[in-house]
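# Coordinate inspection notes
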Amino acid sequence: VGTSSSSSSSVTAPISMSSSSTSSATAAQLDLSMPAMVILIWKAEGFAGFFSGVRGMMVGQAFVKAMAFSANNFALTFLREQHEFAVASGIVTLILAACFSGFVTSFIVAPVERIKVMMQASGKSLYKNEFHCAEAVIRNEGWEGLFGRGLGATIAR
C-alpha cells in the first residue's frame, strides 16, 4: 500500500503543482486558467517544474498510510472489545474507526502538505530540498508553523 501510494504521488504531482501554483498566484497571474498556469510552469521550469516537492510526497505517503492502517486497526480492536458497543452495527464500528484514523493521520499529513505546497509555490530556487524547506519554516515560524498551520483544514478534509 505504501509503495502504491508513493507511486500515485508521482502521477498526481503535476496536477497538484498546477493547483498549488494557481492558488499562490501573484496578482498579475490571477486571471490565468489552469491550462494557462500549466503552460506558464512549462515555459518557466520545464518538465521538472511539475515535480517540485514530489520526493517528500512519496516518502510522506508511505508513512501516512502506515499510520492510517495502524490507527484504524487500533480503533477497530478497541471498539470491538467494548461490551456496550458489541451490539452496535458493524458499519458504525467501521465509520468510527475510519474517523479516528483520519484524525490521527491529519497530524502527519499537515506538515507534509505544508512543505509540499511551499516548495511548489516557491519555484526551483528557494529551497534546496524538503528538509531545507522544513528547517526554514521552523526557523521563521517555529514548530507551530510546520505542525499547526493548515491542520484545521486537513482535519476537516
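Keep in mind that this is a model prediction, so the values were computed, not measured.

Okay, the overall build of the chain next. Within the chain, the regular secondary structure consists of 6 helices and 0 strands. Taking all 157 residues of the chain together, 34% fall into the buried category. For the chain, long-range pairs separated by at least 24 residues make up 64% of all intrachain contacts whose partners lie at least 6 apart in sequence. Accessible surface computed for the chain: about 9500 Å², of which carbon and sulfur atoms make up 66%.

Judged by side-chain polarity, Ile91, Val92, Leu94, Ile95 and Leu96 come together as a nonpolar surface patch covering roughly 420 Å² of accessible area. Along the chain, Val92 turns up in helix 4 (residues 90–122). Judged by relative accessible area, Val92 falls into the partly exposed class, the value being 35%.

Taken as a class, soluble globular proteins show a tendency for nonpolar side chains to be buried jointly. Residues Ile115, Met118, Met119, Tyr127, Cys133, Ala134, Ala136, Val137 and Leu146 constitute the largest nonpolar core, which totals 9 residues. Among the secondary structure elements, those contributing two or more residues to this core are helix 4 and helix 5 (130–147). Ranked by the residues each element gives to this core, the list is headed by helix 5, at 5 residues. Beyond its immediate chain neighbours, meaning those up to four positions away, Tyr127 contacts Met118, Met119, Ser122, His132, Cys133 and Ala136.

Moving on, we come to the pattern of salt bridges. Under the definition given, this model contains 2 salt bridges. Of the charged contacts, one joins Glu141 and Arg114 as a salt bridge, the two residues approaching to 2.9 Å between their closest N and O atoms. Residue Glu141 is located in helix 5, and its partner Arg114 is located in helix 4; the two are separated by 27 residues in the primary sequence. On the accessibility criterion, Glu141 (35% relative accessible area) is partly exposed. Assessed through its relative accessible area of 11%, Arg114 is described here as buried. The shortest N-O distance in the salt bridge between Glu141 and Arg149 comes to 3.3 Å.

All right, on to the confidence of the model for the chain then. On average, residues of the chain score 74 in pLDDT, and 67% of them are at 70 or above. The weakest mean pLDDT in the chain belongs to helix 1 (residues 2–23) at 51; the strongest belongs to helix 5 at 88.

Criteria and thresholds
Counting restarts for each chain, with residues numbered from 1 along the sequence as it is written. Only residues with pLDDT of at least 70 are given local features in this predicted model, and only at 80 or more are side-chain atom pairs given and counted; all residues enter the totals for whole chains, interfaces and linings. Side-chain figures throughout are based on the complete set of non-hydrogen atoms in the structure, without hydrogens or water. A run of H or I in DSSP counts as a helix once it spans at least four residues, and a run of E counts as a strand once it spans at least two, with each numbered from the N terminus. Throughout, exposure labels follow a simple rule: accessible area from a 1.4 Å probe, protein chains only, divided by the maximum for the residue type, with under 20% read as buried, over 50% as exposed, and the rest as partly exposed. Every residue pair with non-hydrogen atoms within 4.5 Å of one another is taken to be in contact. Where accessible areas are quoted, they stem from the Shrake-Rupley method and a 1.4 Å probe; at the residue level, only the protein chains shown are allowed to cover. Each patch is built from salt-bridge-free residues with over 30% relative accessible area, joining like charges within 9 Å and nonpolar side chains (Val, Leu, Ile, Met, Phe, Trp, Tyr) within 5 Å. The working definition used for a salt bridge is a side-chain nitrogen of Lys or Arg within 4 Å of a carboxyl oxygen of Asp or Glu. In this description, a nonpolar core means a group of buried Ala, Val, Leu, Ile, Met, Phe, Trp, Tyr and Cys residues linked to one another through side-chain atoms lying within 4.5 Å. Every residue gets a pLDDT, meaning the predictor's confidence in that residue, from 0 to 100.

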